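# Tertiary structure, described
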Amino acid sequence: MSLAPALELPLAGALVPPYADWGRRVVAALLDGAVLTGATWLVLGSGSEAPSLTPVPPGSSVAEGVSWVSSPILVALVVALMALQGYTGATPGKRVVGIAVVSASTGRPVGLVTSALRVVAHLLDAILLIGYLRPLWDPQRRTFADSLLGTLVLQTRDTPPHPWFVGHARPTRTGSALVTAGSVAVCTLGVGFAITTTSTGWIGTAVFPCAAQTGLDVATATASRDISWSQERRLWVTRPAARHAEDRLSITWRWDGPAGDLSSPTGIRTELLDASGVVVTTVNQEMGEGVGAAGPLELGPATLSTSDLANAGQSWTARSAIVVRERTVASCTVRAEDWSAAAS
């Protein structure tokens, strides 16, 4: 894409660089997004919501983890990036590709407040992405946010100093090169930490007693906590990923009594009670296959998911029973403290 010619702004009659082309702006946004995504992974872990300096409408993306606003570190990082743009004209991504945000009236960086408002105004650009595409045909290569706040994006790494720093800034070629090199390093690390290099996982089962059993002469029960974990490696850092849905309570019955006692209908009824004893969830399983066969039988497992247990609150109790023709012949109980201890 050809560059627009140099233009003249009311800055002591000085010529300023051409407008930044759309491709450079896109690459800069991707690099800054990678920096924020990588930092979010380091601070909050996998699946958490990352901030963005080029936001999209709320609800267009869903994150499993916590929001970035809960982390003072990430809030400080966002403020720092907006301050860099506000007082130097460029975030690390913009510095790498060689573009800067300046005031259309002065040609100088716009300050922190306008820089922050410009991020918010990008929500207007995000509607059907029209505003983000507008620089492709706008004579001054502006988004709607640029027009609203009187900003331009120019192709340059050497913007005049912000008015606060006039008389104090002493830019040099060496200093400019060091800043660019630092921005390249930051963006490289951001891309590295934004992309998963390897992912591994494993499944563990913790077995514990299903207490207060009745019918011990004919049946015994075993409870287990099945836990799936996975972890991600990005560059040299390894972090746990989100726990899988296989994290569940399972109760398995072994029937040692006469096979004829399990005449149909035979089933396992498992009830989940909250702390006050109110039944929150009931799971019924019909045991048609194997009923009436000779020898020990394994019945179940009866399972309750982590979400079921969470709905019951703290201090829940799970009660499982073998029911033959609506008569309970064996039962046992699992308490919340048993479940918690099994994960330690």
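Placed above this text is the structure.
### Remarks on the sheet that holds strand E13 (residues 317-324)
Pairing is antiparallel across the open sheet formed by five strands, whose spatial order is E6-E14-E13-E10-E11. With one partner strand each, in any of the chains shown, strand E6 (211-214) and strand E11 (279-286) form the two edges of the open sheet. On average, adjacent strands in this sheet sit at an angle of 15 degrees to one another, irrespective of strand direction. Bridge count between strand E10 (residues 266-273) and E13: eight bridges; the pairing is antiparallel. In the strand pairing of E13, Thr-266 is matched with Val-324.

### Some details on the pairing of strand E7 (residues 219-234)
Pairing between E7 and strand E9 (residues 248-255): eight bridges, direction antiparallel. Within E9, the position partnered with Asp-226 by the bridge is Arg-248. The hairpin formed by E7 and strand E8 (residues 237-240) contains two residues between the paired strands, and Leu-235 there has a positive phi angle of roughly 55 degrees.

### Quick word on the state of the cysteines
Considering all chains together, one arrives at one disulfide under this definition. In this model Cys-210 forms its disulfide with Cys-332; the gap between the sulfur atoms is 1.8 Å. When the S-S torsion is 75 degrees, as for the bridge of Cys-210 with Cys-332, the disulfide is right-handed. Of this pair, Cys-210 sits in the loop between strand E5 (198-209) and E6 while Cys-332 sits in strand E14 (residues 327-335), and the two are 122 residues apart along the sequence. On the accessibility criterion, Cys-210 (1% relative accessible area) is buried.

### Looking at helix H1 (residues 22-44)
End to end, H1 covers 32 Å across 23 residues, agreeing with the expected 33 Å (1.5 Å per residue, within 8%). Within the span of H1, buried status applies to Arg-25, Ala-28, Leu-31, Asp-32, Ala-34, Val-35, Leu-36, Gly-38, Ala-39, Thr-40 and Trp-41. For H1, the capping residue at the N-terminal end is Asp-21, with a side-chain oxygen 3.1 Å from the backbone nitrogen of Gly-23. Trailing H1 by a residue or two, Gly-45 shows a phi angle of about 95 degrees, which is positive.

### Describing the side chain of Thr-143
Inspection of the secondary structure puts Thr-143 in the loop between helix H5 (130-133) and helix H6 (144-149). In contact with Thr-143, other than residues within four places in its own chain, are Arg-25, His-122, Asp-125, Gly-131, Tyr-132, Arg-134 and Pro-135.

### Examining the packing of helix H2 (residues 72-88) against helix H4 (residues 112-125)
One can describe the packing of H2 onto H4 by two numbers: an axis separation of 8 Å at closest approach and a directional angle of 115 degrees. Read as a crossing pair, H2 and H4 show a hand that is right-handed. Between H2 and H4, the residues in contact are Val-79, Met-82, Ala-83, Gln-85, Gly-86 and Tyr-87 and Leu-112, Ser-115, Ala-116, Arg-118 and Val-119, respectively. Class assignment of the residues belonging to the contact of H2 with H4 gives a composition of seven nonpolar, three polar and one charged.

Thresholds, definitions, all that
- Residues numbered from 1 in each chain as written.
- Predicted model: local features only at pLDDT ≥ 70, side-chain atom pairs only at ≥ 80, totals over all residues.
- Heavy atoms only, no water.
- Pairing = 2+ DSSP bridges.
- Helix = DSSP H or I, 4+ residues; strand = E, 2+ residues; numbered from the N terminus.
- Axes fitted to C-alpha atoms, helices over the stretch in contact; angles between N-to-C directions.
- Disulfide = S-S within 2.5 Å.
- Buried < 20%, exposed > 50% of the residue type's maximum accessible area, 1.4 Å probe, protein only.
- Expected span 1.5 Å × (residues − 1).
- Polar contact = N/O pair within 3.5 Å; in protein donor to acceptor, adjacent residues only side chain to side chain.
- Contact = heavy atoms within 4.5 Å.
- Left-handed = near helix turned anticlockwise from the far one by under 90°.
- Nonpolar A, V, L, I, M, F, W, Y, C, P; charged D, E, K, R; others polar.

Don't take any of this as a statement about function, it's just geometry.
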